[in-house]
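Structural characterization, general
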Amino acid sequence: STQSTWGENVSASTKLRREMVDVQTELDRKRTEHRERMERVKTREAHLAKKREDLAERLVKFYKFIQENEIKKNRAEKKAQMEEAAKKEKHHQIIELNEAIKTLENEKHDIRMQLGKYTKYQKYLEDVLSYNEEYQDPNDIITRFTTLDANNKELQQRKKFLEDEAEEQRVALQRKRKSKEDEILEFTNQLAKLQGLLEQTHKTVVQLSDEIETNVEHKVHTTKTIGQIRMATQNLYDRCMELTKQHKKGVKLATDEQAVNVLFQLGFVGDSLSDYLFIVEKEKERQRAARLAAQAALV
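Report on the accompanying structure. Going along each chain's sequence as written, the residues are numbered from 1 onward. At least 70 in pLDDT is required for a residue's local features to be given in this predicted model, at least 80 for side-chain atom pairs to be given and counted, and no such filter applies to totals for whole chains, interfaces and linings, which use all residues. Just so you know, side-chain values use all the structure's heavy atoms and leave hydrogens and water out.

What follows is about the pattern of salt bridges. By definition here, a salt bridge exists when the distance from a side-chain nitrogen of Lys or Arg to a carboxyl oxygen of Asp or Glu is within 4 Å. Using the criterion set out here, one finds 11 salt bridges in the structure. Across the salt bridge formed by D54 and K50, the nearest N and O atoms sit 3.0 Å from each other. Taken together, the residues D54 and K50, both in helix α1 (residues 2–131) and 4 residues apart, mark about one turn of the helix. For D54, a relative accessible area of 31% gives the class partly exposed. Note on classification: 1.4 Å probe, protein chains only; a residue is buried when its accessible area is under 20% of the maximum for its type, exposed when over 50%, partly exposed between these limits. Residue class for K50 comes out partly exposed when judged on its relative accessible area of 44%. Here E57 makes a salt bridge to K61, at a shortest N to O gap of 3.5 Å. Residue E57 and its partner K61 are both found in helix α1; the two are separated by 4 residues, about one turn of the helix. Its relative accessible area of 44% is what places E57 among the partly exposed residues. Through salt bridges with shared partners, one network takes in E26, R29, K30 and E33. Where helices and strands are cited, they refer to DSSP runs of H or I of at least four residues and of E of at least two residues respectively, numbered from the N terminus.

What follows deals with a nonpolar patch on the surface. Judged by side-chain polarity, L55, L59, F62, Y63, F65 and I66 come together as a nonpolar surface patch covering roughly 600 Å² of accessible area. Of note, I66 is situated in helix α1. Exposure above 30% relative accessible area and no salt bridge define the residues that can form patches, which grow by joining like charges within 9 Å and nonpolar side chains of Val, Leu, Ile, Met, Phe, Trp and Tyr within 5 Å. The accessible surface values rely on the Shrake-Rupley method and a 1.4 Å probe; as for residues, cover is taken only from the protein chains in view.

Here we take up helix α5 (residues 262–298). Residue count minus one, scaled by 1.5 Å, sets the expected span of a helix. Taking 1.5 Å of rise per residue, 37 residues should cover 54 Å, and α5 covers 54 Å from first to last C-alpha, within 8% of that figure. Among all positions in α5, only V262, Q265, L266, F268, V269, S272, L273, Y276, V280, E283 and Q287 are buried.

Printed below as a string of structure tokens:
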């Protein structure tokens, strides 16, 4: 029984050791698997890190490639725009050159037409030379014609200058004549007024003198009227004396006694009116002579 129990214990211990060995073996296997798994993980991580580095490098290269392509694209577009602008400029230049060619062709045609037209004149000049020994070359005739034409133009300009000058003088003469006519008209009007006033004054003097002689009773009234006559006569005398001093130098002044004498004053007014009439007549004669002289100058 004791041996049986010991045997069982040995058997159990052996079984336990075997289980322990199995557990250790399994643990070692698990550790080996774990280590191998961790090595695989590290290898994968390293591989992934390498892939990330490759991908980052590829991204950098891709971005750089995109940027380079964008720069190339911009350059290409700018170059295309420049080429298009140059193309348009060349096209415009071609159009301008074609227009210039057409203009030159037209000028060439016109020159040929003129040459054909002038050829007959050349022949005419040569025929003239064959009959006229004064000129040795067609250019001599052309030079002579040019000289005569220049002289003619100069004479025409001189004629126009003289006509313009004559016209200016005629206008100035007409303006001066108009001014003198206006002045004469003014003097004539003044003279007519003075003559009318003189005649009226003379009539008044005669009438009042008659009334004074026939009616002594109206002495006061007559004295007043005579005073008015004297004032009117004095006014006429003063105006005539002022005009005489303005237009006639060295006039002899009247004495104090003469200056207040009505008959002397009326005589002086009459003489002044006669002088004005004489001046007006002389001015009309001078204007007629000036008009005739201007007409003769224009002819």
